[in-house]
Amino acid sequence: MSYLRFEKAVMTNLEESLRRELLRTNRSGAYSCSTIVDCNTRKYHGLLVVPVPELDDDNHVLLSSLDVTVVQHGAEFNLGLHKYQGNHYSPQGHKYIREFDCDKVPTTLYRVGGVLLKKEVVFQHYEDRILLRYTLVDAHSATTLRFRPFLAFRSVRQFTHENMNASRDYQLVDNGIKTCMYAGYPELYMQFSKENNFVFTPDWYRGIEYPKEQERGYASNEDLYVPGYFEMNIKKGESIIFAASTSEVRPGKLKSLFTQEVEERAPRDNFLHCLVNAAHQFHIRKKNDDRYLLSGYPWFKCRARDTFISLPGLTLAINEEDYFHLVMKTAMKGLYEFMENKPLTVDISEIEKPDVPLWAIWTVQQYSKDSGLEKTAAVYGKFVSDIVEYVISGKHPNLRLDENGLLYSNGRNEAITWMNSMANGCPVVPRSGYIVEFNALWYNALRYCAALAAVSGNEALVSDLEKRAELCKASFIDTFLNEYGYLLDYVDGNIMDWSVRPNMVFAVAFDYSPLDQKQKKGVLDVCTKELLTPKGLRSLSPKSGGYNPMYVGQQTQRDYAYHQGTAWPWLGGFYMEACLKLYKRTRLSFIERQMVGYEDEMNYHALGTISELFDGNPPFHGRGGMSFAMNVAEVLRTQKLLEKYTYQK
């Protein structure tokens with residue numbers, strides 16, 4: 001039995017099937033996403049969703065969905081499914097689904113009387129082209145297939161409604177048509193591997209509703225335009241390929257193209273392979289060949305902090321060093337441009353955040369664990385020392401090195417840390433002053449830079465960095481460690497945040513820590529007792545004021561809950577690393593049990609990947625974005641750490 005497989009009982013139960021989403025990407029920014037029964041429940045869902053840089057920096061839904069109707073003896077059986085206003089589902093094609101399988105490619109098997117129809121889906125790599133293969137596995141009489149495309153031509157952040165501006169024009173192309181609803185959009189090509197008859201019957205399907213948007217307090221319904229339908233006969237054993245794309249393709253190539261794309265796919269036959277496939281979905285290759293990591297789906301962009309935190313897990317942990325260097329090349333270019341006060345030429349946002357240069361050093365440090373200090377010093381040594389010098393010289397606009405050796409940042413009026421939610425123009429968690437993870441990162445950076453300098457024989461630099469590290473260490477303990485054995489979250493003059501938050505775990509997890517063994521154990525004990533869940537660490541302890549673990553409701557309500565008790569798997573990765581460093585093999589079984597909580601997610605929310613965040617209270621429901629790079633990365637990095645300690649003699 002396949003690892004990701006669902007029987008008829010699950011597929012026909014909408015309470016079960018609609019909560020399960022399926023994501024496919026082309027590694028160039030485009031994606032295809034819906035539920036496993038092909039009923040769109042978010043405005044971000046669509047069969048072909050592509051960036052249109054000529055319009056804006058958003059993705060745009062061109063083809064929302066494709067309804068397929070089986071026709072036999074004049075009787076029509078529509079396999080589509082849409083939710084309309086009034087909690088009305090039509091045409092209820094899910095009741096014909098016999099099973100769904102997502103081992104290599106998403107495969108749905110439909111049974112309509114004596115007809116057995118198989119649908120398989122792939123997204124062509126590096127092309128804005130989705131491919132669907134329909135195979136008539138069994139039929140006892142003449143069968144016709146009718147394909148009805150639902151067009152949107154809108155941003156993922158908007159809705160479309162019936163209007164007079166939408167163009168109904170279309171042109172015939174080989175085995176299909178091309179059309180474009182609005183000026184500025186690319187043409188949408190819809191073609192088949194087989195000759196067909198296109199019947200032009202333009203109409204708007206009104207009142208289609210997206211329940212996920214209702215849950216989030218947004219507008220939730222739209223109208224979709226259907227230009228007509230394609231119709232063709234199909235014989236038992238025959239396969240027909242449908243392609244939706246922003247460029248024309250030769251119909252004769254479609255079958256071989258589909259086969260080639262399937263052969264390139266790795267199976268999702270276990271937990272690790274699912275995560276590896278998920279890691280590849282974050283890859284972005286631009287036309288100038290710059291390489292990036294997307295922060296997540298469906299609404300995230302490439303963000304600097306997320307890039308550096310995710311990069312080791314998404315590449316090095318799965319033995320893909322080449323892509324590590326490609327992304328680092330792009331990210332280094334952007335960071336140097338920022339440090340040199342030059343205009344950015346890379347598509348990476350939030351590179352100005354104070355901790356970004358410090359996370360960049362941590363990323364290089366992970367590379368050196370497999371490649372060694374000598375090789376790392378040769379490849380990235382100058383980059384690391386340039387960052388340290390940049391910070392020491394006080395050139396960063398919001399990162400000040402004080403005489404006590406600690407870094408100070410002003411975050412009173414803007415969110416400067418990963419806890420970045422805003423409400424009414426102000427940070428929900430206004431972390432400012434001496435911030436605990438900033439200074440844990442700084443101590444780690446000083447010591448690591450000293451280690452690289454030692455390899456290069458620069459004794460003067462080593463001595464200077466070690467002195468700075470010792471000063472930072474003493475001040476760190478004096479500033480953050482309290483009498484209850486955990487670390488204050490931030491200290492700004494007379495303001496001290498006593499909230500129990502997960503940011504202190506970094507001081508235990510990093511290779512170089514300002515804490516001694518007893519202090520580390522004290523911090524980790526508090527994290528275990530108050531923050532640990534099966535889905536990672538809570539962003540705030542239930543014992544702290546303002547605990548709000550449920551990420552639900554309208555935007556403002558969710559903003560106030562975002563970092564006030566919700567659980568984050570990527571923080572759990574650093575927690576598990578800290579456990580293994582402190583307790584070695586004695587905690588292996590404990591960590592393995594923690595990993596079960598993440599494996600449960602493989603077939604529940606977005607198949608084969610991990611959601612952005614989870615409620616902090618049982619049943620720890622997945623929320624936010626359907627796939628989040630830092631979460632996938634840290635679980636992969638933990639998996640590699642487990643292997644290291646398991647086989648360690």
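What counts, and at which threshold
- Residues numbered from 1 in each chain as written.
- Predicted model: local features only at pLDDT ≥ 70, side-chain atom pairs only at ≥ 80, totals over all residues.
- Heavy atoms only, no water.
- 1 Å grid on protein atoms, 1.4 Å probe; cavity = no way out; pocket = protein on both sides within 12 Å on 5 of 7 lines; lining within 4 Å.
- Points joined across faces, edges and corners; volume = space filled by probe spheres on them.
- Helix = DSSP H or I, 4+ residues; strand = E, 2+ residues; numbered from the N terminus.
- Nonpolar A, V, L, I, M, F, W, Y, C, P; charged D, E, K, R; others polar.
- Expected span 1.5 Å × (residues − 1).
- Buried < 20%, exposed > 50% of the residue type's maximum accessible area, 1.4 Å probe, protein only.
- Contact = heavy atoms within 4.5 Å.
- Pairing = 2+ DSSP bridges.
- Axes fitted to C-alpha atoms, helices over the stretch in contact; angles between N-to-C directions.
- Parallel < 35°, antiparallel > 145°, perpendicular 65-115°, else oblique.
- Left-handed = near helix turned anticlockwise from the far one by under 90°.
- Patch = residues over 30% accessible without salt bridge, like charges linked within 9 Å, V, L, I, M, F, W, Y side chains within 5 Å.
- Areas by Shrake-Rupley, 256 points an atom, 1.4 Å probe, with all protein chains shown as cover.
- Salt bridge = Lys/Arg side-chain N within 4 Å of Asp/Glu carboxyl O.
- Phe/Tyr/Trp six-rings, centres within 6.5 Å; stacked < 30°, edge-to-face > 60°.
- Lys NZ or Arg CZ within 6 Å of the ring centre and 35° of its normal.

Asks: Teacher, can you tell me more about the layout of surface pockets here?
Replies: In this approach the atoms are scanned with a rolling probe the size of a water molecule, which exposes any empty space left behind. In this structure, the largest pocket encloses a volume near 960 Å³. Considering the residues around the largest pocket, the lining is formed by 35 residues, among which Ser-28, Gly-29, Pro-51, Pro-53 and Lys-286 are closest to the centre. Listed by contribution, the elements that provide at least two residues to the lining of the largest pocket are β4 (46-51), β20 (283-285) and β22 (296-297). Its residues placed into classes, the lining of the largest pocket shows 14 nonpolar, eight polar and 13 charged. Here the second largest pocket is characterised by a volume of approximately 600 Å³. Along its surface, the second largest pocket is lined by 28 residues, and Trp-299, Phe-300, Arg-303, Asn-420 and Tyr-562 are the ones closest to its centre. Counting only elements with at least two residues in the lining of the second largest pocket, the list comes to α6 (304-314) and α14 (555-561).

Asks: Could you clarify how one ought to interpret helix α8 (residues 356-371) in this entry?
Replies: With 16 residues, α8 extends 23 Å between its outermost C-alpha atoms, agreeing within 8% with the 22 Å of an ideal straight helix rising 1.5 Å per residue. Of all the 16 residues making up α8, 14 are buried; the element is thus mostly covered by neighbouring parts of the structure. Just downstream of α8, Gly-372 is the residue with a positive phi angle, here 90°.

Asks: Explain the environment of Lys-543 here, please?
Replies: Among the structural elements, Lys-543 can be located in the loop between β31 (536-538) and α14. You can call Lys-543 exposed: its relative accessible area is 71%. Separated by 44 residues in the primary sequence, Lys-543 and Ser-499 place their C-alpha atoms 8.6 Å from one another.

Asks: Would you mind showing me how to read unusual backbone geometry here?
Replies: If a residue is not glycine, its phi is most likely negative; likewise, a peptide bond is most likely trans. Residue Pro-91 follows Ser-90 across a cis peptide bond; omega there is 5°. You can see Pro-91 is positioned in the loop between β8 (88-90) and β9 (97-101). Pro-618 connects to Pro-619 through a cis peptide bond whose omega is 10°. Of note, Pro-619 is situated in the loop between β33 (613-614) and β34 (622-623). For Glu-350, which is not a glycine, the phi torsion comes out positive at approximately 60°. Inspection of the secondary structure puts Glu-350 in the loop between α7 (321-339) and α8. With relative accessibility at 25%, the residue Glu-350 sits in the partly exposed group.

Asks: Help me out: how do you make sense of the environment of Glu-187 in this one?
Replies: Within the secondary structure, Glu-187 sits in the loop between β15 (176-179) and β16 (188-192). Looking at Glu-187, the relative accessible area reads 31%, which means it is partly exposed. For the pair formed by Glu-187 and Tyr-170, sequence separation is 17 residues and the distance between their alpha carbons is 9.6 Å. Setting aside residues no more than four positions away along its own chain, Glu-187 makes contact with Gln-171, Lys-178, Thr-179, Cys-180, Ser-245 and Thr-246.

Asks: What am I meant to see in empty space enclosed by the protein here?
Replies: Counted by the stated rule, this structure contains four cavities of 30 Å³ or more. Of the pockets and cavities examined, the largest cavity occupies roughly 400 Å³. Ser-34, Asp-38, Leu-47, Lys-119 and Val-121 are the residues nearest the centre of the largest cavity, which is lined by 29 residues in total. Of all the secondary-structure elements, those providing two or more residues to the lining of the largest cavity are β2 (21-25), β3 (31-35), β4, β5 (59-72), β10 (107-112), β11 (115-123) and β12 (129-138).

Asks: Explain the sheet that holds strand β28 (residues 490-492) here, please?
Replies: Strand-to-strand pairing in sheets goes through backbone hydrogen bonds, with the strands running parallel or antiparallel. Here three strands make up an open sheet; going across it, the order is β27-β28-β29 and the pairing antiparallel. Strands at the two margins of the open sheet, each flanked by one partner only, are β27 (434-435) and β29 (495-496).

Asks: Got a minute to help me understand the packing of helix α13 (residues 517-530) against helix α15 (residues 569-583) in this structure?
Replies: Axes are the key here: two packed helices are described by the angle between their axes and the distance separating the axes. Following both chains from N to C, one finds α13 and α15 inclined at 140°, their axes separated by 11 Å at the closest point. In this view, α13 runs oblique relative to α15, as classed from their interaxial angle. Crossing of α13 over α15 shows left-handed handedness. Together, Gln-517, Lys-520, Lys-521, Leu-524, Asp-525, Cys-527 and Thr-528 of α13 and Tyr-575, Ala-578, Cys-579, Leu-582 and Tyr-583 of α15 make up the contact between the two elements. Of the residues belonging to the contact of α13 with α15, the class tally is seven nonpolar, two polar and three charged.

Asks: I tried to follow the packing of α6 against helix α17 (residues 629-646) on my own but got confused; where do I start?
Replies: Packing of α6 against α17 leaves a shortest axis separation of 7 Å and a crossing angle of 35°. You can see that α6 and α17 cross each other, and the crossing is left-handed. The segment α6 lies against α17, with Asp-306, Ile-309, Ser-310, Pro-312, Gly-313 and Leu-314 engaging Ala-629, Met-630, Val-632, Ala-633, Glu-634, Leu-636 and Arg-637. Class assignment of the residues belonging to the contact of α6 with α17 gives a composition of eight nonpolar, two polar and three charged.

Asks: Quick question: what am I supposed to make of a nonpolar patch on the surface here?
Replies: The grouping of Tyr-170, Leu-172 and Phe-200 at the surface amounts to a nonpolar patch, some 300 Å² of accessible area in total. Looking at where Tyr-170 falls in the secondary structure, it is placed in strand β14 (residues 170-173).

Asks: I tried to follow the packing of aromatic side chains on my own but got confused; where do I start?
Replies: Remark: the centre distance and the inter-plane angle together describe each pair of aromatic rings, the angle taken between the planes. Across all of its chains, the model carries 42 aromatic pairs by this definition. Note that Arg-285 overlies the ring of Tyr-126, its terminal NZ or CZ placed 3.8 Å from the centroid. When the ring centre of Phe-590 is taken as origin, the NZ or CZ atom of Arg-587, which lies over that ring, is 5.7 Å away.

Asks: Can you walk me through the environment of Thr-566 in this structure?
Replies: Counting through the fold element by element, Thr-566 comes out in the loop between α14 and β32 (567-568). When the C-alpha positions of Thr-566 and Arg-157 are compared, they lie 25 Å apart, and in sequence the two are 409 residues distant. Not counting residues up to four positions away in its chain, the partners in contact with Thr-566 are Leu-537, Arg-538, Ser-539, Asn-548, Pro-549, Tyr-551, Ala-561, Leu-613, Phe-614 and Gly-616.

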